[in-house]
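# Chain and residue survey
Below, each chain spelled out in residue letters.
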Amino acid sequence: MLVAVCTRICKVRRGSRFFGKIYMEVWDILDRNGEPTGKTVERKRVCLSKGEYHLVVHIWILGNDGRVLIQRRSFSKPLMPGEWAAIGGSAVSGETAVTAAKRELQEEMGIEVGEEDLKLIKNMVRKNSLLNVFLVCRTLPVADLKLQAEEVSEAKWVHRNKLRQMIKNGEFHNYGSEYFEAVFAAFDKKSASRRRKKRYESRRRK
């Protein structure tokens, strides 16, 4: 995660060293509508009150063949160690959902995307977080990924039916039916759009 005490650009995680100094991750505290309250909190001291939220992003990557790129959390993580889960994390102070999603992808997976590549799937209000879920269409070999060792232990492409099975049997973190209904609907919509485009282009060539 980035630490934004006075900047939103430094690419360091909580407890990481940057130019010989250790920085801590800071979050903006938002209201239910996503508006800043003017308050911030350090991640290690987070204890949000009722009506206080922080911004969280998830990014799903759909390949041209319809498979999904998933990642396994590092076994050293204090929360959900070694669990297959969505790519993403918390926005740091000063970030929007889009800039946080771009950073998380680059830091954790080594994937660079533009704002135009991020398609919003779902907004959800959780206990003390505002979750923004994005879809990115991108195909690349797993060998080309640059995984951040302290965050990610491995990554792989899976078919959507396999992902459903992993969710059902507990291999993949279950974010709830509402969440996954939106995610799989986005997968299906994009895949259908690709098929229509392919048929159209095929007819044009005849």
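Attention here is on the structure that accompanies the text. Only a predicted model underlies this, so the values are computations on that prediction, with no experimental measurement involved.

Our next topic: the layout of surface pockets. By volume, the largest pocket is sized at about 780 Å³. The wall of the largest pocket is formed by 29 residues, among which H54, V56, H58, L79 and S90 lie closest to the centre. Of all the secondary structure elements, the ones that give two or more residues to the lining of the largest pocket are β5 (54-62), β6 (68-73), β8 (87-90) and β10 (129-137). Of the residues in the lining of the largest pocket, the class split is 12 nonpolar, nine polar and eight charged.

So, about the pattern of salt bridges. All chains considered together, the criterion is met by 11 salt bridges. Two residues, R67 and D65, come together in a salt bridge whose shortest N-O distance is 2.7 Å. With relative accessibility at 28%, the residue R67 sits in the partly exposed group. K77 is paired through a salt bridge with E151; the nearest N and O atoms lie 2.8 Å apart. Of this pair, K77 sits in the loop between β6 and β7 (84-85) while E151 sits in the loop between β10 and β11 (152-158); the two residues are 74 residues apart in sequence, bridging distant segments of the chain. For K77, a relative accessible area of 11% puts it in the buried group. Assessed through its relative accessible area of 10%, E151 is described here as buried.

A contiguous patch of positive charge, built from K189, R195, R196, R199 and R203, is present on the exposed surface. Along the chain, R199 falls in helix α3 (residues 177-205).

Inspection of the entire model under this criterion finds 10 aromatic pairs. Ring centres of Y175 and F180 lie 6.0 Å apart, and the angle between their planes is 50°; this geometry places the pair in the tilted category. What makes Y175 buried here is its relative accessible area of 13%. For F180, a relative accessible area of 7% gives the class buried. Consider the rings of Y179 and F180, whose centres lie 5.0 Å apart with planes at 80°: the pair is edge-to-face. Three or more aromatic residues link up through ring pairs in this structure, and these residues are W60, F172, Y175, Y179, F180, F184 and F187. Taking NZ or CZ as reference, K156 lies 4.8 Å from the ring centre of W84, over its face. Its end group placed over the ring of F184, R164 keeps NZ or CZ at 3.9 Å from the ring centre.

Conventions and cut-offs
- Along each chain, numbering runs from 1 in the same order as the chain's sequence is written.
- Local features in a predicted model are, by the rule used here, given only for residues with pLDDT of at least 70; side-chain atom pairs are given and counted only at 80 or more, and totals for whole chains, interfaces and linings are based on all residues.
- Excluding hydrogens and water, the side-chain figures rest on all heavy atoms present in the structure.
- Throughout, the protein atoms alone are placed on a 1 Å grid, and a set of points is a cavity if a 1.4 Å probe fits but cannot get out or a pocket if it is open with protein on both sides within 12 Å along at least five of seven lines; lining residues have an atom within 4 Å of a point.
- Grid points are joined across faces, edges and corners, and a volume is the space filled by probe spheres set on the points.
- Per the convention used, a helix needs a DSSP run of H or I reaching at least four residues, while a strand needs a run of E reaching at least two, with both numbered from the N terminus.
- Nonpolar residues are Ala, Val, Leu, Ile, Met, Phe, Trp, Tyr, Cys and Pro. Charged residues are Asp, Glu, Lys and Arg, and all others, Gly as well, are polar.
- Between Lys or Arg on one side and Asp or Glu on the other, a salt bridge is scored when a side-chain nitrogen of the former is within 4 Å of a carboxyl oxygen of the latter.
- Burial classes: relative accessible area under 20% of the type maximum marks a residue as buried, over 50% as exposed, and values in between as partly exposed (1.4 Å probe, protein chains only).
- Any residue with relative accessible area above 30% and no salt bridge may belong to a patch, with like charges joined within 9 Å and the nonpolar Val, Leu, Ile, Met, Phe, Trp and Tyr side chains within 5 Å.
- Surface accessibility follows the Shrake-Rupley procedure with a 1.4 Å probe radius. Residue values consider only the protein chains on display as shielding.
- Only four residue types enter the charge count: Lys and Arg as positive, Asp and Glu as negative, with His and the chain ends excluded.
- One atom stands in for each charge, and that atom is NZ of Lys, CZ of Arg, CG of Asp or CD of Glu.
- Ring pairs are drawn from Phe, Tyr and Trp, using the six-membered ring of Trp, whenever the two centres fall within 6.5 Å, and their geometry is named by plane angle: stacked under 30 degrees, edge-to-face over 60, tilted for the rest.
- In this scheme, Lys NZ or Arg CZ marks a charge over a ring once it lies within 6 Å of the ring centre and within 35 degrees of the ring normal.

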